[in-house]
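# Examination of the molecular architecture
Residues per chain are reported as follows:
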Amino acid sequence: MFFGLLLVERPAALGTYCHQNGVKTPMTNQISLNLDINGKSRQVTVEARVTLLDALREHLELTGTKKGCDHGQCGACTVHVDGERVLSCLTLAAQVEGSTINTIEGLSAPGDALHPVQAAFLEHDAFQCGYCTPGQIMSAVACIREGHAGSDDEIREYMSGNLCRCGAYPHIVDAVREAAKELS
Amino acid sequence: MRDFSYVRAATIDEALSAAAMPATMLLAGGTTLIDLAKCGVAEPERVVDISHLKGLDGVRIDGKAATIGALARMSRVAEDPAIKGEFPAISEALWQAASAQIRNMATIGGNLLQRTRCAYFRDPATFPNCNKRNPGSGCAALTGVNRSHAVLGGSSACIATYPGDLAVALTAFDALVHLGDRQVPVDDFFLLPGARPDKEHAMRPGEIITAISVPASPAARRSTFLKVRDRQSYEFAAASAAVGIELGGDGRTITDIRIALGGIATKPWRARAVEDALRGTAFEHDAIKEASRLAVEGAIDHGANHYKIELAPRVVERAILKIGAAA
Ligand SMILES: Cc1cc2nc3c(=O)[nH]c(=O)nc-3n(C[C@H](O)[C@H](O)[C@H](O)COP(=O)(O)OP(=O)(O)OC[C@H]3O[C@@H](n4cnc5c(N)ncnc54)[C@H](O)[C@@H]3O)c2cc1C
Ligand code: SF4
Ligand code: FES
Ligand code: FES
């Protein structure tokens, strides 16, 4: 990406068009990004308005990160940026070029041992449908690392950004408590 | 969401020139801006990312004041040991806001400038009538679902509640909003809706928030933020109170008291009538209960939000009792 030259928009990539309502309009705001995701460097060309969540799911075949509300209200899209949990639905992909991004797919490699938080979620049956689970797990990993899993009340408060429509909350608290013990 | 271009500001000067340009919006944490762009409320043509600017994210405290950079993240400020020690109400207002994820993204400057959660405001496709979005178009909330709307500071044009928590604590302790060289008391920074609810603050075109500062005081050191809401966490305030108190040498006389309310007014609401009634008096439950009623002097309800007039004085009372008891 090109930094520093403020407010000089890049010219339309020649020959790039989008069809909206049957009208052919030039796509002026495509940008090419180099993203550091799960330890790999990934190239992607998207519209500037594309969120990190949509970039992951629609352009990078990383569909483990889920879209619940798309408005910051549910936590299903939680990923780590530079080691901290954030919401990928309210983050532009362009904002995190140059940062380190970790998604649920990067937590443990296929075939390897599960991350202790993943193992604890299995052990404690901390889900029903599983849709909120990747977000819960990414949030829990950070919650423990932050030191915010010291008591059940603290776990509830600091995991409140992850909703579970199936109401698996009691088991989620069990899993986070156990994983925190194991990781301490 | 409208298509827009994206650039990163490399210097504060670039951010300032961007702030003066039409159809251009600054992006800090993005938790308000991207949300409202998806709602079709914010329609920038250009988004200028200021979140990577250096030098605007510090927290500095000396004996006189705390100065917090506009780009400091909510989570960082909430956990700052000096803020916790000297301004507990600020730390509490921050950690009780939003969620851990949002607090890692959201900045102090962006937090002050968050927009109302009025459901009509947030849904232009379904509700064209909103004076805040579109001056002169009317107000769908006045006769609509207004359970979360303001009972104080409203006008016939708009009754949208200011939703933020931090600004309530800042208002109690006379913070200053730094707009580069110019500093505006936080109580003057936020405007009442009057006939122009689209004008929410005293920032001029081409200005940005660079920092906020809060004077240190014994009342700020002995302070708390009490937030009452529909669910225990990850919810906006139904009513909140930031309260700071200083007791005299006898441990009984209220020598200083600061009170501001949130969740019930169109801007963070300083409760000076309650402060004046209690300053100089003995710390005593009945008197505190009586004085707390003054917090909602002049309140007007719109039916569904009547409960706020009952709730707010109780929140003030409980916060004063809590902080007065915790020696
Ligand atoms: C689900 C949800 C729940 C929430 N709950 C709460 C809550 O309980 N309590 C609470 O207080 N808040 C709550 N919030 C609001 C949240 O705290 C704000 O969205 C956040 O603080 C905004 O900061 P930001 O850095 O992300 O701002 P952005 O979205 O980046 O910016 C917001 C606005 O401010 C402008 N701006 C940003 N920085 C500057 C600057 N330095 N100078 C000039 N202009 C600037 C931008 O152009 C934009 O118009 C919630 C939000 C969500 C989505
Ligand atoms: S209360 Fe204000 S923001 Fe809500 S619909 Fe009325 S004018 Fe718009
Ligand atoms: S999809 Fe991001 S918070 Fe719901
Ligand atoms: S397990 Fe179904 S939403 Fe949480």
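This structure is a prediction, so every number in the text was calculated from the model and none was measured. (Residues numbered from 1 in each chain as written. Chains lettered and ligands numbered in written order. Predicted model: local features only at pLDDT ≥ 70, side-chain atom pairs only at ≥ 80, totals over all residues. Heavy atoms only, no water.)

In the neighbourhood of ligand 2, 14 residues make up the surrounding shell, with B:C118, B:C130, B:N131, B:C139 and B:C158 lying closest. Classifying every residue of the shell around ligand 2 by side-chain character gives 11 nonpolar, 2 polar and 1 charged. (Near = heavy atom within 4 Å. Nonpolar A, V, L, I, M, F, W, Y, C, P; charged D, E, K, R; others polar.)

This paragraph deals with the confidence of the model for chain B. When pLDDT is averaged along chain B, the result is 97; 99% of the residues meet or exceed 70. Prediction confidence for the complex, expressed as pTM and ipTM, is 0.95 and 0.97 respectively. (pLDDT = per-residue confidence, 0-100.)

Moving on, we get to the packing of helix α12 (residues 285-292) of chain B against helix α13 (residues 307-325) of chain B. All names here are of chain B. Where α12 meets α13, the closest approach of the two axes is 8 Å, and the angle between their N-to-C directions is 145°. Here α12 and α13 pass one another in a crossing that is right-handed. Counted together, H285, I288, K289 and S292 of α12 and P313, V316, E317, I320 and L321 of α13 form the full contact between these two elements. Here the contact of α12 with α13 is composed, by residue class, of 5 nonpolar, 2 polar and 2 charged. (Axes fitted to C-alpha atoms, helices over the stretch in contact; angles between N-to-C directions. Helix = DSSP H or I, 4+ residues; strand = E, 2+ residues; numbered from the N terminus. Left-handed = near helix turned anticlockwise from the far one by under 90°. Contact = heavy atoms within 4.5 Å.)

A few words on the packing of aromatic side chains. Residue and element names in this part refer to chain B. What the rule picks out here adds up to 3 aromatic pairs over all chains. Aromatic side chains Y120 and F127 sit 4.7 Å apart centroid to centroid with 85° between the ring planes, which places their arrangement in the edge-to-face category. Accessibility expressed as a relative area gives 11% for Y120, which makes it buried. Among the residues examined, F127 registers a relative accessible area of 29% and is labelled partly exposed. Pairing Y162 with F190 gives two aromatic rings, centres 4.9 Å apart and planes at 55°, and the pair type is tilted. With Y162 in the loop between α7 (108-112) and α8 (166-172) and F190 in the loop between α9 (186-189) and β8 (211-215), the pair connects residues that are 28 residues apart, well separated along the chain. An aromatic cluster is built from Y162, F189 and F190, whose rings are joined through pairwise contacts. (Phe/Tyr/Trp six-rings, centres within 6.5 Å; stacked < 30°, edge-to-face > 60°. Buried < 20%, exposed > 50% of the residue type's maximum accessible area, 1.4 Å probe, protein only.)

The next thing to look at is helix α3 (residues 133-146) of chain A. Residue and element names in this part refer to chain A. With 14 residues, α3 should reach 20 Å at 1.5 Å per residue; the first-to-last C-alpha distance of 19 Å fits that figure. Burial analysis of α3 places 12 of its 14 residues in the buried class, which makes it a mostly covered element. For α3, every residue scored as buried is listed here: T133, P134, G135, Q136, I137, M138, S139, A140, V141, A142, C143 and I144. Positive phi appears at G147, one or two residues downstream of α3, with a value of about 85°. (Expected span 1.5 Å × (residues − 1).)

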